[in-house]
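Summary of the model geometry
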Amino acid sequence: MEKKKNKKVFLKVVIIGDSGVGKTSLIHRYTSTRFLQDFKPTIGAEFSNKEVVINGKTVVAQIWDTAGQERYQSLGISFYRGADCCGIVFDRSDHSSFENLDTWKNAFLKHGAPKEEGTFPFLVIGNKSDLDDGSLVKERDAQQWCADNGNLEYIETSAKDNTSVEEAFTKLIEKGMEREKVNLVELPDRMSQKNKTVNLQRDVAKDVNRKPQKKKCC
Amino acid sequence: MEPVPQPDLVKNSSGIEDIKCKNEIIAHLIEKLPEKIPKKSKDRILYFLKALNRDTIDMTTLKVLAFRGIPEEVKSLRGIVWRLLLNYLPNKATKWIETINENKKQYESFREELIIKPQLSMEGEKSNGPEVTEHVVDHPLSVSQDSVWAQFHKDREIWEEIEKDVKRTRNEIALFVRAIKDEDSAKHWERLMRQAELKKSELNAEDKENYIETHADVLSRILFIHAKLNPGIKYVQGMNEILAVLYFVFFDTDDPILTETLESDLFFCFQSIMGEIRDRFCRTLDSEDQGIKGRIQYLADLLKEHDRELFNHLEYYKINPQFYALKWIMLLLCQDFPIYETARIWDTLLSDPERYEFLNYVCLAMLQYIKEDIMEGDFTDAMQALQRFPNDIDVRIILNKANAFVKEDPIYQNYVGDHF
């Protein structure tokens, strides 16, 4: 029997970084293609999703926008868990947000506790590139940091001008899918009527995408 | 039966005569009563005036009235009632003016003591630190010059953190961007726009020189002083939103005394609210009953008790109550509705005889309001519904639904009734 190729993959994308670097703006730009000058500070975390087709696969990206303020980090644990990839954002016009990349990466690894600590897919995003007055964090400095921290990939964006926003999220999702390949196994037809891809290392976020009815039929 | 006192202020159908007012603020309120008020509101306004204009205000009567909504037609009324509910104004009406003036003095001394240099972020640009003026050296908290500098840098971090959020606080109401001296707002609109857009430290020399003080500066100052006086929690994001609601309400006044003491009144009322909910902001208490996670768990337990079906559905999809209720419980719903509707919700929350117990029932009512959307879909649909509560709804619908949860409770017996 011919297998259906069109399966939906659910991916949990977590966006972290200092307060005011533009996390919410980037996500909003990506999911609704608009830019708003000022978002309220994010309290706790906010959820949005976008369905995209990448490399022929339909992916539902569940994007978690998290609070930038330190106070909320301890509450971030429940939001980080089960992430497939993580975007760390800094504001290129705010050097201290660049210096904090370290702290963010470590906090994520600690609280999100992904299994593959050394190879977990991060993407470093330097936002607000539109504010170029010569004093922005330099690309080579950012690249250097990424090289020193496990060869992470780096991308420069502007949520305001819509520069490379789509590209950044596509990269993130691709990285998440790479990781998924390792963890995903297809179950034989008789075990899963809908021929659904099932994650054997089931975690909270992805397991919950299965509807109750489907559970009964398995 | 109406659980409110019958008005005896009314001498004839057209209005009020021959009242001996207990203080200037009440006198002003009555003098400025609008001429045309819808009949329904008029009765309620008179109930409020009667409840206020007493030697000793009966707070239960006032709470019972305010729980169902404070009439919006009379400028200053809501602000005055909130000041009482927050125990800022004493229930002896003859003491109001004295209290307000004493607190203003107290606030001014906080300002003097705690703000090392008001324009620090502008001055800090030029040199590496503050120009150490005599005022700073004489500062009671500073032992040596080093400590002044260290303090200055720490303070600057707090200022910058606050500034970032104040710039994005309730911009839709175009209040905080305005000049304190309102005549400057129209005259210097372009400069005000630049001030709103840029950090203080990024302004050009001319704009720095001619800086116009705005309501955003007052907002920042109050948050800063609060942070300095509460080093355990300092400034936490969301406090800006809580203060903004108070600001919006207190600003709606034409009373000369209340206009004069706006900033200090705001500070102490903000302090009063924060005093009651500070545990929710305190990181070290996160996992305790009174901390934010404990409060959210309490709400989840109530949901389980009152709506098992919805509770089970959310459980099934592993939707942690933190995903939706964190903001609601922590910020008293101040981020989820337009500001005037938030103010209406707060009438009820602040008059709650078990403050802030009723907030939980408002949250339950909100959950039930969107129950269908949650039940129909999967994780994603439920999350969308939960995180984007319809904010164009008349909140009285929600408040009336919330009444249903407490109508059997003797504590709320006199309180529940249709919300206005």
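Sequence positions are assigned chain by chain, starting from 1 and proceeding in written order. Here every chain gets a letter starting at A, and every ligand a number starting at 1, in the order they are written. Residue-level local features of this predicted model are given only where pLDDT is at least 70; pairs of side-chain atoms are given and counted only at 80 or more, and the full residue set underlies all totals for whole chains, interfaces and linings. Side-chain numbers come from the whole structure's heavy atoms, not from hydrogens or water.

Per an unreviewed UniProt entry, chain B carries the name Rab-GAP TBC domain-containing protein and comes from Euplotes crassus.

The name given to chain A in an unreviewed UniProt entry is Ras-related protein Rab-7b, and the organism recorded there is Euplotes crassus. UniProt positions are given in the numbering used here, feature names are shortened, and annotations may be inferred rather than shown by experiment. Taken from UniProt, the Sequence similarities (unreviewed entry) comment for chain A reads in full: "Belongs to the small GTPase superfamily. Rab family."

Each helix and strand in chain B was counted, giving 23 helices and two strands. Per-residue burial for chain B yields a buried fraction of 55% across its 420 residues. Intrachain contacts of chain B at a sequence separation of at least 6 include 71% that bridge at least 24 residues. Note on areas: these come from Shrake-Rupley sampling with a 1.4 Å probe, and a residue is covered only by the protein chains present in the view. About 19,000 Å² of surface is accessible on chain B, with carbon and sulfur atoms providing 46% of the total. Strands are runs of DSSP state E lasting at least 2 residues, helices are runs of H or I lasting at least 4, and numbering of each runs from the N terminus. Only protein chains enter the accessibility calculation, which uses a 1.4 Å probe; a residue whose area is less than 20% of its type maximum is buried, one above 50% is exposed, and one in between is partly exposed. For this analysis, residues touch if any pair of their heavy atoms sits within 4.5 Å.

Residue and element names in this part refer to chain B. Note on aromatic contacts: the rings of Phe and Tyr and the six-membered ring of Trp form a pair at centre separations within 6.5 Å, being stacked when their planes are under 30 degrees apart, edge-to-face when over 60 apart, and tilted otherwise. Under the definition given, this model contains 30 aromatic pairs over all chains. Ring geometry for F67 versus Y412: centroids 6.3 Å apart, planes at 50°, classification tilted. Of the two residues, F67 sits in helix 3 (residues 59-67) while Y412 sits in the segment after helix 23 (395-406), which places them 345 residues apart along the sequence. Since its relative accessible area comes to 0%, F67 is described here as buried. Under the relative-accessibility criterion, Y412 is labelled buried at 1%.

It is worth spelling out the domain arrangement of chain B at this point. Residue and element names in this part refer to chain B. Segmentation into domains, and thus their bounds, comes from an automatic or database assignment. By the assigned domains, chain B splits into domain 1 (9-74), domain 2 (121-176 + 214-280) and domain 3 (283-412). Listed as interface residues are 16 residues of domain 2 and, on the opposing side, 22 residues of domain 3. Each of two parts loses accessible area, computed with a 1.4 Å probe, when they are put together; buried area is these two losses added. Summed over both partners, the interface of domain 2 with domain 3 comes to about 1,700 Å²; 66% of that surface belongs to carbon and sulfur atoms. The largest per-residue losses of area from domain 2 upon contact with domain 3 belong to R170, D279 and R280, which jointly make up 42% of the total buried on that side. With a shortest N-O distance of 2.8 Å, R355 and E276 are connected by a salt bridge. Residues adjacent in sequence count toward polar contacts only when both atoms are side-chain atoms; beyond that, a polar contact is any pair of N or O atoms within 3.5 Å, and within protein one must be able to donate a hydrogen and the other to accept it. Summed over the shared surface of domain 2 and domain 3, the result is five residue pairs in polar contact (both at pLDDT 80 or more). At the level of secondary structure, the elements contributing two or more residues to the side of domain 2 that touches domain 3 comprise helix 13 (239-251) and helix 15 (262-281). For the side of domain 2 that touches domain 3, the leading source of residues is helix 13, giving seven residues. Each residue receives one of three labels: charged for Asp, Glu, Lys and Arg, nonpolar for Ala, Val, Leu, Ile, Met, Phe, Trp, Tyr, Cys and Pro, and polar for the others, Gly being one of them. Grouping the constituent residues of the side of domain 2 that touches domain 3 by class yields 10 nonpolar, one polar and five charged. The salt bridge criterion pairs a side-chain nitrogen of Lys or Arg with a carboxyl oxygen of Asp or Glu, the two atoms within 4 Å.

A few words on the pairing of strand 3 (residues 57-66) of chain A. Residue and element names in this part refer to chain A. Among the 10 residues that make up strand 3, nine are buried, leaving the element largely enclosed by the rest of the structure. Two strands pair when backbone bridges link them, and strand 1 (residues 8-17) and strand 3 are joined in this way by eight bridges, in the parallel orientation. Within strand 3, the residue paired with V14 across the bridge is W64. Note that strand 2 (residues 45-54) and strand 3 share 10 bridges and pair antiparallel. The criterion for strand pairing is that DSSP finds at least two bridges linking the strands in question.

Moving on to the packing of helix 16 (residues 292-306) of chain B against helix 17 (residues 308-316) of chain B. All names here are of chain B. Every axis in this analysis is a line fitted to C-alpha atoms, fitted for helices over the stretch in contact. Angles between the N-to-C directions lie between 0 and 180 degrees. For the pair helix 16 and helix 17, interaxial distance at closest approach is 5 Å and the crossing angle is 125°. Of the possible angle classes, the one that applies to helix 16 and helix 17 is oblique. The segment helix 16 lies against helix 17, with A300, L303, K304 and H306 engaging R308, L310, F311 and L314. Classifying every residue of the contact of helix 16 with helix 17 by side-chain character gives five nonpolar, one polar and two charged. What sets the label is the angle itself: under 35 degrees gives roughly parallel, over 145 gives roughly antiparallel, 65 to 115 gives roughly perpendicular, and the rest give oblique.

Each partner contributes to the interface: chain B provides 39 residues, whereas chain A provides 36 residues. The largest contributions to the chain B side of the interface with chain A come from R168, Q237 and R283 of chain B, which together make up 20% of the buried area. The tally of links from chain B across to chain A stands at three salt bridges. Residue D286 of chain B is joined to R71 of chain A by a salt bridge in which the shortest nitrogen-to-oxygen separation is 2.7 Å. Per-class residue counts for the side of chain B that touches chain A are 13 nonpolar, 10 polar and 16 charged.

This brings us to the environment of R295 of chain B. Residue and element names in this part refer to chain B. Inspection of the secondary structure puts R295 in helix 16. Here R295 falls in the partly exposed class, since its relative accessible area comes to 31%. Each C-alpha atom of the pair R295 and N360 lies 9.1 Å from the other, and the pair is 65 residues apart in sequence. Beyond its immediate sequence surroundings of up to four residues, R295 is in contact with R280, D289, Q290 and I329.

All names here are of chain B. In this model, chain B carries an average pLDDT of 89, and 89% of its residues clear a pLDDT of 70 or more. For every residue, the predictor reports its confidence as pLDDT, a number between 0 and 100. When the criterion is pLDDT under 50, residues 1-14 qualifies, and its contacts beyond four places in sequence or with other chains add up to 29 contacts. Taken as a whole, residues 118-140 scores under 50 in pLDDT and shows 34 contacts with residues more than four places along the chain or in a different chain. Both confidence scores are given for the complex: pTM 0.86, ipTM 0.83.

Once that is clear, we can look at the sheet that holds strand 1 of chain A. Residue and element names in this part refer to chain A. A sheet is described by the order of its strands in space; here six strands give the open sequence 2-3-1-4-5-6, paired in mixed fashion. Unpaired on one side and paired on the other, strand 2 and strand 6 (153-156) mark the two borders of the sheet. Strand-to-strand, the axes of this sheet are offset by a mean angle of 25°, without reference to chain direction. The sheet contact formed by strand 5 (residues 122-127) and strand 6 spans four bridges and is parallel.

This model, assessed by the stated rule, comprises 36 salt bridges over all chains. For the salt bridge of D165 of chain B with R168 of chain B, the shortest nitrogen-to-oxygen distance reads 3.1 Å. One salt-bridge network, in which partners are shared between bridges, spans K40 of chain A together with R170, E172 and E241 of chain B.

This brings us to the nonpolar core. All names here are of chain B. Take the buried Ala, Val, Leu, Ile, Met, Phe, Trp, Tyr and Cys residues and link them wherever side-chain atoms come within 4.5 Å; each set so joined is a nonpolar core. Judged by nonpolar contacts, the single largest core of 162 residues is most densely connected at W82 and W346. Of all the elements, helix 15 adds the most residues to this core, at 10 residues. With near-sequence residues (within four places) excluded, W82 lies in contact with I70, V245, L246, V249, F250, A343, W346, D347 and L350.

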